[in-house]
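One letter stands for each residue in the lines below.
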Amino acid sequence: MTAHPTSPYFKENAHEALKDEQLQMALSNVRQGFIDKRAAVAAKLPEFEALRDSARDIKNHTLANLDLYLEKWENKVHDAGGHVHWARTAEEARQAIVDICRKAGAKTVTKGKSMISEEINLNAAIEAAGMTPVETDLGEYIIQLRNEAPSHIIAPAVHLNATQVESDFRRVHTHLDPNRDLSEPVQLLTEARQVLREKFLAADVGITGANFLIAETGTSVIVTNEGNGDLTQILPKIHIVIASIEKLVPTLDDVSQILRVLARSATGQEMSVYTTFSTGPRRPGDVDGPEEYHVVVLDNGRSAMLGTSFQDMLRCIRCGACMNHCPVYHAVGGHAYGWVYPGPMGAVLSPSLIGVDKAGHLPNASTFCGRCESVCPVRIPLPKMMRHWREQEFERHLTPATVRSGLGVWAFFAKRPTLYRFASNLGMKALAFFGRDKGKFTSLPFAGGWTDYRDFPAPQGGTFQDQWKARKGAKS
Amino acid sequence: MSAREEIFGAVRRSLGVTGQEQPRREAVNERIAKAPRGIVPERGQLSGEALLALFEEQAKATLATIDRVKDRAAVPDAIADFLRRTNLPARLRMGADPRLGEMPWDKTALEVSHGKSDGGDLVAVNHAFAGVAETGTLILTSGPDNPTTLNFLPDYAIVIVDAKDVRGSYEDVWQRIRDRDGKGHMPRTVNWITGPSRSGDIEQKLLLGAHGPRSVHIVLVGE
Amino acid sequence: MAAPNSSRPPRVALFATCLVDLMRPSIGMATAKLLEDAGCVVEVPSQTCCGQPAFNSGDRDTARALAEQMIAAFEGYDYIVAPSGSCAGQVRKHYPELFKHDPNLARRADALAEKTYELTSFLVDVLGVRKVAASVAGTATYHDSCSGLRELSVKKQPRLLLQSVDGLSLTEMNENEVCCGFGGTFAVKYGEISDSIVTKKAENIEAAEPDMLLAGDLGCLMNMAGKLSRMGSTIEVRHVAEVLAGMTDLPPIGAPSGQEKAR
Ligand code: SF4
């Protein structure tokens, strides 16, 4: 679905998105809903800010000792009777998963929501191996029917409206009465529940992601509101967890700290409905639960981020708050970013994972308003890291030539105060002269990006430094 | 080199470590051994009736419903009453938890069957390991006593929790699990359940009963 | 903090910012007046730009060169004050980062950062000013520019001072903490996205039905003024310093120089 990033065409994608009225309507939901809910629930917990510090510190400590915590965790998984598969690349992870499914003779594979699964484009691999992957998160199910990528990391179908979902259901669920009423969202939900219930019960393998892996106990944790992740993992014979290496946390106490900020930041709930801790397969005497428990641990570029200016990004707990609060995301939506991870977190992460040559636009398409950082539960300095990418682009001469030369001319003057004062005084007087009738310019050469959309206010004329000098002269 | 070795090698190279450093190993061992508590919200640090009242209030805020009864003997009646009020058939599925076994189900007209769910049950009863007042969260552990499938497949989940098992924070409950199963060991599944299943995936509208139960009814037993 | 000798008035270096210097000198004049009214001795060292555009474009060398120039020109004063949260934020938050690995300059950058302030927060938080002697009739709405708000916690200070302006009433718009879409070169490089953001902002401004839109950063003001003007709005756009200094006789941002106040 997302095998080929369209991130290089961010501008073109954004152009399309801005023209798409239906999308713009859907995005206004994001702008209203998430923000108010998060603010309200944060205000209700006096310790919220301190918990954010705590969450940040836990992740920092874990990352600094990631090798050791991975070892501890792996031992515990083995003790509990689980299997660990290490995957350096997306390809290795797909292979490991397909192999497990094949060995089990699987036909239907249910899936809980997992961004790593999107990152490695897992569904295509399962299909290619002759099996049927079924996304079970309602949003993921909808976009799977549409053969689309998620447009938001916690609300994959946030770009769609109910009418679109209705027509997809009618197109795909042809075994149901064509005259059924689907005009209400709750009817859509009920239909999805029925259709997916059969898949849950028929599945041979269930694949979930993991929000956390706990070193103390060898446990994987999933957090959902629907309960689909649980039905995915307790009904089939085999449960496969796909997780990346930075999901580690040391202890049950540590994960509790982070869980206190996760749902609050994500959906504005005090706690998500289902937080599930899974350790190994079914135990002797158990009447339900999977008979095999596998964890596929993925690196895919993350180890290379450790020890660099981008290490902080590995604290990310995928809550989505940064995109919920991002004016650029509100304007263009998630698909414009062109790969799995949108919004501010994607603008930092995508260049690391698919290369800054492909995803170079993303860290540039930010006003640096800083609202993402101000809400990030693990306090990732997202604007600072986007700036790091801009620095790398500048050093590697990936910055567009027009920007480079514009900056160069400006820097030439700015570094020479006397020349700057002389030139600017003249320049502004001239500009003021041309602009004096209207007080603004409706078009300017070299600034079409501005004047195509808004007027450019004319300068008053002369410079402040010049006027100040004149005032001082008059006074003395 | 295996993928495993290469990943560990890459992590260690990036961090500039060998993995053999004593101070690092000690710090990690100590953190796991001591499992220090972080910040525990004051909100839940209550006892007695105040703690139970917070649990009830928070559970209601998650859109769960809750009945309080005096003792175990009063549970079946309370559940029969809930089913009548809710227009549900008088049929229940439950696991082998001895606490459930002690309850006088036969004094009611309820039809009780035992075991996991295969998806055909409308209403199930499980006994919680604990409740957490901080967020009105129920904590259930897997096993033949309270099969995990009963938490998810039925449309209506009824969960019984003992008042003496209600704690202020998640950390308090982890301690009880460590005391029961031994430090570093976990039941196959620990479920935190905070209200009925829901989804906001269609136009951000909150709808209950996405895949799991559309209703969670809590019976809080004792004072 | 460089504690000024209490027996003499603080010597304040006014950093007008390049945008004010070039586009709207009256903001610099208003800033000087407010500082002088509050008892400061104001000086204007020779200046160009704090280097933020280079810094944000990933050109660290130019950013460092301009920062060094700025440090040298401004470090001799008790305080550095700018009518801009964004440029003051650059000095306060980012100069230390730029010279982190250069022990000599790091010390000087830190020292400069500590005594650099955005205008309204300097007046309120440092000098303890609670009211200004100005009279401006009308209703104003205040936009919280991002850097001032999030890097320097400028939120209450301008409102506190505006409340003391004779004849002025304040009304809040929806989403007053949301970015206006300026973002420096972003407004030109991603003009279409910037336009979408500033359009929403302009709608929020209009919905609040003010006579005047105020903010503390000229870049944002030019962006919003440009959009309001293109939409045919008659809302006047001014820098908060101009209103606090009672200097509203000049045409608002983006209005023709011959024309006096629209009302
Ligand atoms: S970067 Fe922060 S705010 Fe964004 S998804 Fe990750 S944790 Fe959440």
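Numbers given to residues run from 1 along each chain, matching the order in which its sequence is written. Numbering of ligands from 1 and lettering of chains from A proceed in the order in which they are written. It should be noted that, the model being predicted, local features are given only for residues of pLDDT at least 70 and side-chain atom pairs only at 80 or more, the latter also being counted only at that level, while totals for whole chains, interfaces and linings use all residues. Note that water and hydrogens are dropped before the side-chain values are worked out from all heavy atoms of the structure.

## Some words on the overall build of chain C
Item 1. Tallying secondary structure elements over chain C gives 13 helices and 8 strands in all.
Item 2. Relative to the globule expectation of 18 Å for 263 residues, the C-alpha radius of gyration of chain C, 18 Å, shows essentially globular dimensions.
Item 3. A principal-axis box enclosing the C-alpha atoms of chain C has dimensions of 50 × 45 × 30 Å.
Item 4. Burial here depends on accessible area, computed with a 1.4 Å probe over protein chains only, as a share of the maximum for the residue type. Under 20% is buried, over 50% is exposed, and the range in between is partly exposed. The buried share of chain C, taken over its 263 residues, is 64%.
Item 5. Contacts: residue pairs with any heavy atoms within 4.5 Å of one another. Considering only residue pairs separated by 6 or more positions, chain C has 77% of its internal contacts joining residues 24 or more positions apart. Only runs of H or I of at least four residues qualify as helices and only runs of E of at least two qualify as strands under DSSP, and these elements are numbered from the N terminus. As defined in this context, the radius of gyration uses C-alpha atoms, and a globule is described by 2.2 Å times the residue total to the power 0.38.

## A word on the pattern of salt bridges
Item 1. Whenever a carboxyl oxygen of Asp or Glu lies within 4 Å of a side-chain nitrogen of Lys or Arg, that contact is scored as a salt bridge. Under the criterion given, the structure shown has 73 salt bridges over all chains.
Item 2. Note that Asp155(B) is salt-bridged to Arg193(A), the shortest N-O span being 3.0 Å. Note that Asp155(B) is positioned in the loop between α6 (149-152) and β7 (156-162) and Arg193(A) in helix α10 (residues 185-202), a pairing that runs across two chains. Here the two residues Asp155(B) and Arg193(A) agree in accessibility, since each one is buried.
Item 3. A salt bridge links Arg178(B) to Glu216(A); the shortest N-O distance between them is 2.9 Å. One end of the pair, Arg178(B), is in helix α7 (residues 170-181); the other, Glu216(A), is in the loop between β5 (212-214) and β6 (219-224), on a second chain. An identical accessibility class is assigned to Arg178(B) and Glu216(A); each is buried.
Item 4. Connected through shared salt-bridge partners, Arg72(B), Asp97(B), Arg99(B), Glu102(B), Asp162(B), Lys164(B), Asp165(B) and Arg176(B) make up one network.

## Re the pairing of strand β4 (residues 123-127) of chain B
Residue and element names in this part refer to chain B.
Item 1. Most of β4 sits inside the fold, with 5 of its 5 residues counted as buried.
Item 2. Two strands are said to pair when DSSP picks up at least two bridges between them. Sheet topology places strand β2 (residues 91-94) next to β4; 2 bridges connect them, and they run parallel. In the sheet register, Met 94 faces β4, and the bridge partner there is Val 125.
Item 3. The pairing of β4 with β7 spans 5 bridges and is classified as parallel. Across the sheet, residue Ala 124 finds its bridge partner in β7, namely Ala 157.

## Notes on the interface of chain B and chain A
Item 1. The interface is formed by 80 residues belonging to chain B together with 101 residues belonging to chain A.
Item 2. The term buried area means the drop in 1.4 Å probe accessible area that two parts suffer when joined, counted for both and summed. Buried area between chain B and chain A, both sides added, is near 7400 Å², and the carbon and sulfur share of it is 57%.
Item 3. When the buried area of chain B at its contact with chain A is split by residue, Arg188(B), Asp201(B) and His211(B) rank highest and sum to 13% of it.
Item 4. On inspection of chain B and its partner chain A, the count reaches 14 salt bridges.
Item 5. Here Glu71(A) ties to Arg25(B) by a salt bridge, and the two come within 3.3 Å at their closest N and O atoms.
Item 6. Polar contacts here mean pairs of N or O atoms no more than 3.5 Å apart (in protein, one a potential hydrogen donor and the other a potential acceptor; neighbouring residues in sequence count only if both atoms are side-chain atoms). Applying the counting criterion to the chain B and chain A interface returns 51 residue pairs in polar contact (both at pLDDT 80 or more).
Item 7. Residue assignment for the side of chain B that touches chain A shows that the elements contributing at least two residues are α1 (3-15), α2 (22-34), α6, α7, β9 (189-193), β10 (198-199) and β11 (207-208) of chain B.
Item 8. Here the side of chain B that touches chain A gets 10 residues from one element, more than from any other, and that element is α1(B).
Item 9. Following the grouping adopted for this structure description, the nonpolar residues are Ala, Val, Leu, Ile, Met, Phe, Trp, Tyr, Cys and Pro, the charged ones are Asp, Glu, Lys and Arg, and the polar ones are all others, Gly among them. Looking at side-chain class alone, the side of chain B that touches chain A contains 33 nonpolar, 25 polar and 22 charged residues.
Item 10. Pairing geometry for strand β9 (residues 274-278) of chain A and β9(B), over 5 bridges, is antiparallel. Within β9(B), the position partnered with Thr275(A) by the bridge is Trp192(B).

## A few points about the domain arrangement of chain B
Item 1. Domain assignment breaks chain B into domain 1 (1-34) and domain 2 (46-221).
Item 2. Once you take the C-alpha centre of each, domain 1 of chain B and domain 2 of chain B turn out to be 41 Å apart. Residue ranges assigned to each domain were obtained from an automatic or database domain assignment.

## A look at the nonpolar core
Item 1. Formed by 139 residues in total, the largest nonpolar core has its most connected members in Phe10(A), Trp73(A), Phe277(A), Met313(A), Val332(A), Tyr341(A) and Ile193(C).
Item 2. Leave out the neighbours within four places in its chain, and Val332(A) touches Phe10(A), Ala14(A), Ala17(A), Leu18(A), Leu23(A), Leu27(A), Tyr337(A) and Ile193(C).
Item 3. Only buried Ala, Val, Leu, Ile, Met, Phe, Trp, Tyr and Cys residues count toward a nonpolar core, and they belong to the same one when joined by side-chain atoms within 4.5 Å. If you look at the next biggest cluster of nonpolar residues, it comprises 73 residues, including Ala414(A), Ala30(C), Leu35(C) and Cys49(C).

## Considerations on unusual backbone geometry
Item 1. A positive phi angle, close to 55°, is found at Glu203(B), a residue other than glycine.
Item 2. Topologically, Glu203(B) is positioned in the loop between β10 and β11.
Item 3. For Glu209(C), which is not glycine, the phi torsion reads 50° and is therefore positive.
Item 4. You can see Glu209(C) is positioned in the loop between α11 (191-207) and β7 (212-215).

## Thoughts on helix α12 (residues 252-266) of chain A
Residues and elements named next belong to chain A.
Item 1. Compared with the 21 Å implied by 1.5 Å per residue over 15 residues, the 21 Å span of α12 between its first and last C-alpha is a close match.
Item 2. Counting buried residues along α12, 15 of its 15 residues qualify, which places the element largely inside the surrounding structure.
Item 3. The backbone nitrogen of Asp 253 lies 3.3 Å from a side-chain oxygen of the residue at the head of α12, namely Thr 251.
Item 4. Where α12 ends, the next residue or the one after it, Gly 268, has phi of about 75°, a positive value. The span one expects for a helix is its residue count, reduced by one, times 1.5 Å.

## With respect to the site of the ligand
Item 1. Nearness is judged by heavy atoms alone; a residue qualifies as near a molecule or strand once a single heavy atom is within 4 Å of it. Surrounding the ligand, one finds 14 residues, the nearest of these being Cys316(A), Cys319(A), Gly320(A), Cys322(A) and Cys376(A).
Item 2. Of the residues contributing to the shell around the ligand, the split by class is 12 nonpolar, 1 polar and 1 charged.

## Here's the deal with the confidence of the model for chain C
Residues and elements named next belong to chain C.
Item 1. Taken over all residues, the pLDDT of chain C has a mean of 93, while the share at 70 or more is 95%.
Item 2. Low pLDDT (under 50) marks residues 259-263, which in the prediction has 10 contacts with non-local residues, meaning those over four places away or in another chain.
Item 3. This prediction of the complex comes with two scores: 0.94 for pTM and 0.97 for ipTM. Confidence of the predictor at the level of single residues is captured by pLDDT, which takes values from 0 to 100.

## A look at the packing of helix α4 (residues 60-74) of chain C against helix α5 (residues 85-98) of chain C
Residues and elements named next belong to chain C.
Item 1. Look at α4 against α5: their axes get within 11 Å of each other, and the N-to-C directions meet at 115°. When the axis of α4 is compared with that of α5, the two are roughly perpendicular. α4 and α5 meet at a crossing whose hand is left-handed. The residues of α5 that touch α4, namely those facing Arg 60, Ala 63, Arg 64, Leu 66, Ala 67, Met 70 and Ile 71, are Val 91, Tyr 95, Glu 97 and Leu 98.
Item 2. Residue composition of the contact of α4 with α5, grouped by class: 8 nonpolar, no polar and 3 charged. Fitted lines through C-alpha atoms serve as axes, helices being fitted only where they are in contact, and the angles separating the N-to-C directions of these axes extend from 0 to 180 degrees. For classification purposes, angles smaller than 35 degrees are called roughly parallel, those larger than 145 roughly antiparallel, those between 65 and 115 roughly perpendicular, and all remaining angles oblique. Helix crossings get a hand from a simple test, with the near helix turned counterclockwise from the far one by less than a right angle marking a left-handed crossing and a clockwise turn marking a right-handed one.

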